[in-house]
Amino acid sequence: VSRPVCTLGVDIGGSKIIAAVIGSDGQPGPRVLVPTPAALGPGAVLDAAIGAARDAIGAACDVAGERVVAACGVGTAGTVGPGGVISYATAILPGWAGTDVRESFARALGLPVLVLNDVHAAAAGESAHGAAAGCATAVIVSIGTGIGGALARDGKVLTGRTGSAGSVGHVPVPAAERRRCSCGGWNHLEAYASGPAITASYRESVGCPPGASPASGNPPALPVIADLARAGDPAARAAIGQAAGALGYALGGLLNVLDPDVVVIGGGVAALADLLSEPLRRGVAEHALPGPARAELRFSRLGPLAAVIGAGVAARPGRWLPHESR
Ligand SMILES: [Zn+2]
């Protein structure tokens, strides 16, 4: 008797960790969410993530009794080297680079473990059960504190030689000229179009010092700026529109190279879909060839669960890389 294969998905982000058992239909079991103890270092982050993973397995078994968890997929912030070791991470997870995530999870859980970048994981999720399901080729862009990206072909995500493939945020664009990027480079899209960059542009244009809004004295958060834009505030509309235009500029070039079926926009900033779509399409239309310009533009269907679902999807037996540990 064959039972449906479930896998465990874990999403390790800069502020929170999510774990859930993912069914073969892509449905997540009970979600376990804990804050990421980033400031306490990699050991504490691993402990918290492994604890969440165990709790998620326990919670799923309470619900479904006989569920069998075949493998574990871990999506994590940072660049993941071929052996599941973090090769590069920003200050969002101090000391994370060099951490052997795969070995730690495999030893603790006794399961085959696959580790991948969190945006690569989100792309695997959207490709299997989300906005890119059924599409042969997809470009996925995740816009939040930073800008990540991924390329998926037939549901598999191309990680590249060093695990960096799809880094849309680090494509140079003219709008970002002379801006320093989180990676240390200059002129990259992320420095102009990420959530914090949009907030900074708005502050600059209304002439108030960083950390203060003219109305309340509080720093205007992105949702507030979005509401101002919806109400017709020109500075708010400009900050969001220009960021979306720069994203379109970068995407136009990428579409010419890749000619994908669909582009999926995810991450926290995707909640601004109503404000992003038009300037984004205009930016794409300006730079993409007539064929690639017709790639469908969609917004994430799995939302904040894309990475945890995708990590579980990618870990399905036979789905991704050969499992290296048992
Ligand atoms: Zn960069």
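Residues numbered from 1 in each chain as written. Predicted model: local features only at pLDDT ≥ 70, side-chain atom pairs only at ≥ 80, totals over all residues. Heavy atoms only, no water.

Here we look at the overall build of the protein
When its secondary structure is counted, the protein shows 9 helices and 12 strands. For 326 residues, the compact-globule estimate of 2.2 N^0.38 gives 20 Å, and the protein sits close to it at 20 Å. C-alpha extents for the protein along the principal axes are approximately 60 × 45 × 35 Å. Taken over 326 residues, the protein has a buried fraction of 52%. Averaged over its 24 positive side-chain charges, the protein has a centre that lies 2 Å from the centre of its 23 negative ones. (Helix = DSSP H or I, 4+ residues; strand = E, 2+ residues; numbered from the N terminus. Rg over C-alpha atoms; globule rule 2.2 N^0.38 Å. Buried < 20%, exposed > 50% of the residue type's maximum accessible area, 1.4 Å probe, protein only. Lys, Arg positive; Asp, Glu negative; His and termini not counted. Charge placed at Lys NZ, Arg CZ, Asp CG, Glu CD.)

Concerning the environment of E103
Within the element layout of this structure, E103 appears in helix α2 (residues 101–109). For the pair E103 and V85, spaced 18 residues apart in sequence, the C-alpha separation works out to 8.4 Å.

What about the nonpolar core?
Residues V141, L189, I240, L251 and I265 are the most contacted members of the largest nonpolar core, which totals 41 residues. Looking at this core, the elements with two or more residues in it are β8 (137–143), β9 (147–153), α4 (190–193), α5 (195–206), α6 (222–230), α7 (234–258), β11 (262–266) and α8 (273–287). Per-element tally for this core: the top contributor is α7, with 12 residues. Ignoring sequence-local partners within four residues, the contact set of L189 consists of I147, V168, G169, V171, V173, A246, L247 and A250. (Core = buried A, V, L, I, M, F, W, Y, C linked by side-chain atoms within 4.5 Å. Contact = heavy atoms within 4.5 Å.)

Re the sheet that holds β8
Sheet architecture is open: 5 strands sit in the order β10-β9-β8-β11-β12, paired in mixed fashion. Where the open sheet ends on each side, the last strands, each with one partner, are β10 (156–158) and β12 (296–299). Each strand of the sheet is rotated relative to its neighbour by a mean of 30°, with strand direction disregarded. Pairing between β8 and β11: 5 bridges, direction parallel. Residue pairing across strands places V141 opposite I265, the latter belonging to β11. Sitting on the sheet, helix α3 (residues 118–129) is in contact with β8, β9, β10 and β11, with an inclination near 45° to β9. Contacts from α8 reach β11 and β12, with the element oriented near 160° to β12. (Pairing = 2+ DSSP bridges. Axes fitted to C-alpha atoms, helices over the stretch in contact; angles between N-to-C directions.)

Section: the pattern of salt bridges
Pairing of side chains with opposite charge becomes possible as their charged atoms draw close. Tallied over the full model, the rule gives 6 salt bridges. Residue R230 is joined to D227 by a salt bridge in which the shortest nitrogen-to-oxygen separation is 3.0 Å. With R230 and D227 both in helix α6 and 3 residues apart, this pair spans about one turn of that helix. A relative accessible area of 40% places R230 in the partly exposed class. By relative accessible area, which is 48% here, D227 ends up partly exposed. A salt bridge links R230 to D274; its shortest N-O distance comes to 2.6 Å. Of this pair, R230 sits in helix α6 while D274 is found in helix α8, placing the two residues 44 residues apart along the sequence. Put simply, D227, R230 and D274 are held in one network by salt bridges that share partners. (Salt bridge = Lys/Arg side-chain N within 4 Å of Asp/Glu carboxyl O.)

Section: α6
By the burial criterion, the buried members of α6 are L222, I225, A226 and A229. Down the axis of α6, the buried side of the element spans an arc of 105°, and every buried residue falls inside it. Following α6 by one or two positions, G232 adopts a phi angle in the positive range, close to 100°. (Arc of directions from axis to C-beta.)

Points about the packing of α5 against α6
The interhelical angle for the contact between α5 and α6, taken along N-to-C directions, is 55°, at an axis separation of 10 Å. Classified by the interaxial angle, the pair formed by α5 and α6 is oblique. The hand of the α5/α6 crossing is left-handed. Here G195, I198, T199 and Y202 of α5 come into contact with α6, specifically with L222, I225 and L228. Taken together, the residues of the contact of α5 with α6 sort by class into 5 nonpolar, 2 polar and no charged. (Parallel < 35°, antiparallel > 145°, perpendicular 65-115°, else oblique. Left-handed = near helix turned anticlockwise from the far one by under 90°. Nonpolar A, V, L, I, M, F, W, Y, C, P; charged D, E, K, R; others polar.)

A short note on α2
The periodicity of an α-helix, 3.6 residues per turn, causes residues three or four places apart in sequence to face the same way. Three or more residues of α2 are buried, namely V101, R102, F105, A106 and L109. Buried residues in α2, looked at end-on, bunch into an arc of 120°, giving them a common side. One side-chain oxygen of the residue at the start of α2 lies 3.0 Å from the amide nitrogen of E103, identifying that residue as D100. (Polar contact = N/O pair within 3.5 Å; in protein donor to acceptor, adjacent residues only side chain to side chain.)

Focus: the coordination of the zinc ion
Six octahedral donors around a metal ideally make angles of 90 or 180 degrees; four tetrahedral donors ideally make 109.5 degrees. Coordination sphere of the zinc ion, protein contribution only: H170 (ND1), C181 (SG), C183 (SG) and H188 (ND1), at 2.0 to 2.3 Å. In this structure, the zinc ion is coordinated by 4 donor atoms arranged in tetrahedral fashion, with angles at the metal of 100 to 117°. Judged by relative accessible area, H170 falls into the partly exposed class, the value being 28%. (Donors = N, O, S within 2.8 Å, 3.2 Å for Na, K, Ca; no water. Tetrahedral: all angles 85-135°; square planar, octahedral: opposite > 155°, others 65-115°.)

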